[in-house]
Amino acid sequence: PPEVFALFDEVILLDAGRVIYSGPVDSVVSHFEELGYEIPDRMDTADWLQALPTPDGAKYLRHGEDEENNKTHLTHDDFVEAYENSERGKAVIESLNEPLGDEVNKISEDEDCKTMY
């Protein structure tokens, strides 16, 4: 139900096991709108998000007045690439690539950690 989705602070959207969005629920619609998609007025956000990476997602493309603004439906790889090239995606990738050395050492030296584990 839509009420459940509204309770989340963050969401991770996967398509074929790859991340196509990860971040705040408040920003997910704008992310896909920037890619040329539009959520219908009476459609639930969670249903729309589930439909986007499928062939049915093509019907949610925003169509402009001129042909130059008309986009084609993104493929799985296009969705992944768009997320990875977004500011949020770049920040996530950067944080995953940073070594954890000092943080891991602090945790392993913590007496409470040694006692519990």
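In this text the structure is predicted, and so the values were computed from the model without any measurement. (Residues numbered from 1 in each chain as written. Predicted model: local features only at pLDDT ≥ 70, side-chain atom pairs only at ≥ 80, totals over all residues. Heavy atoms only, no water.)

Trainee: Any chance you could explain unusual backbone geometry here in plain terms?
Mentor: Peptide bonds are trans in most cases, and residues, glycine excluded, mostly fall at negative phi. If you check the backbone angles, A16 has positive phi at about 55° while not being a glycine. Mapped onto the secondary structure, A16 falls in the loop between β1 (10-15) and β2 (18-24). Look at A16 and you get exposed, because its relative accessible area is 69%. (Helix = DSSP H or I, 4+ residues; strand = E, 2+ residues; numbered from the N terminus. Buried < 20%, exposed > 50% of the residue type's maximum accessible area, 1.4 Å probe, protein only.)

Trainee: I'm lost on the nonpolar core in this one. Help?
Mentor: Nonpolar side chains in soluble globular proteins tend to be buried together. Formed by 24 residues in total, the largest nonpolar core has its most connected members in F32, Y37 and W48. Secondary structure elements with two or more residues in this core: β1, β2, α2 (25-34), α3 (45-51) and α4 (76-85). In this structure, W48 is in contact with V29, F32, Y37, E38, I39, P40, M43 and Y60, ignoring residues within four places of it in sequence. (Core = buried A, V, L, I, M, F, W, Y, C linked by side-chain atoms within 4.5 Å. Contact = heavy atoms within 4.5 Å.)

Trainee: Mind showing me how you'd approach the environment of L13 here?
Mentor: Tracing the backbone through its elements, the reader meets L13 in strand β1. A relative accessible area of 13% means that L13 is categorised as buried. Between the C-alpha atom of L13 and that of L49, which follows or precedes it by 36 residues, the distance is 8.0 Å. Apart from residues lying up to four places away in sequence, L13 is in contact with R18, V19, I20, Y21, V28, F32 and L49.

Trainee: Would you take a moment to explain the side chain of D15 for this structure?
Mentor: With respect to the secondary-structure elements, D15 resides in strand β1. Put simply, D15 is tucked away with no salt bridge, and the nearest opposite charge, on R18, sits 9.1 Å away. Within the structure, the side chain of D15 is placed 2.9 Å from the side chain of H76, a separation counted as a polar contact. Beyond its immediate chain neighbours, meaning those up to four positions away, D15 contacts I20, P53 and H76. (Lys, Arg positive; Asp, Glu negative; His and termini not counted. Salt bridge = Lys/Arg side-chain N within 4 Å of Asp/Glu carboxyl O. Polar contact = N/O pair within 3.5 Å; in protein donor to acceptor, adjacent residues only side chain to side chain.)

Trainee: Explanation requested: the packing of aromatic side chains in the structure shown.
Mentor: Two aromatic rings are characterised by how far apart their centres lie and by the angle between their planes. Using the criterion set out here, one finds 5 aromatic pairs in the structure. An angle of 85° between the planes, with centres 6.3 Å apart, marks the rings of F32 and W48 as edge-to-face. Of this pair, F32 sits in helix α2 while W48 sits in helix α3, and the two are 16 residues apart along the sequence. The class for F32 is buried, based on a relative accessible area of 1%. You can call W48 buried: its relative accessible area is 0%. Grouped by ring-pair contacts, the aromatic residues Y21, F32, Y37, W48, F79 and Y83 constitute a single cluster. (Phe/Tyr/Trp six-rings, centres within 6.5 Å; stacked < 30°, edge-to-face > 60°.)

Trainee: How should the pairing of β1 be read in this particular structure?
Mentor: Where a strand is regular, its side chains alternate between the two sheet faces. Here β1 shows a clear split, with V11, L13 and D15 buried on one side and none of E10, I12 and L14 buried on the other. Here β1 pairs with β2 via 6 bridges, running antiparallel. Bridge pairing links V11 to G23 in β2. Between β1 and β2, which pair antiparallel in sequence order, lie 2 residues; one of them, A16, sits at a positive phi of approximately 55°. (Pairing = 2+ DSSP bridges.)

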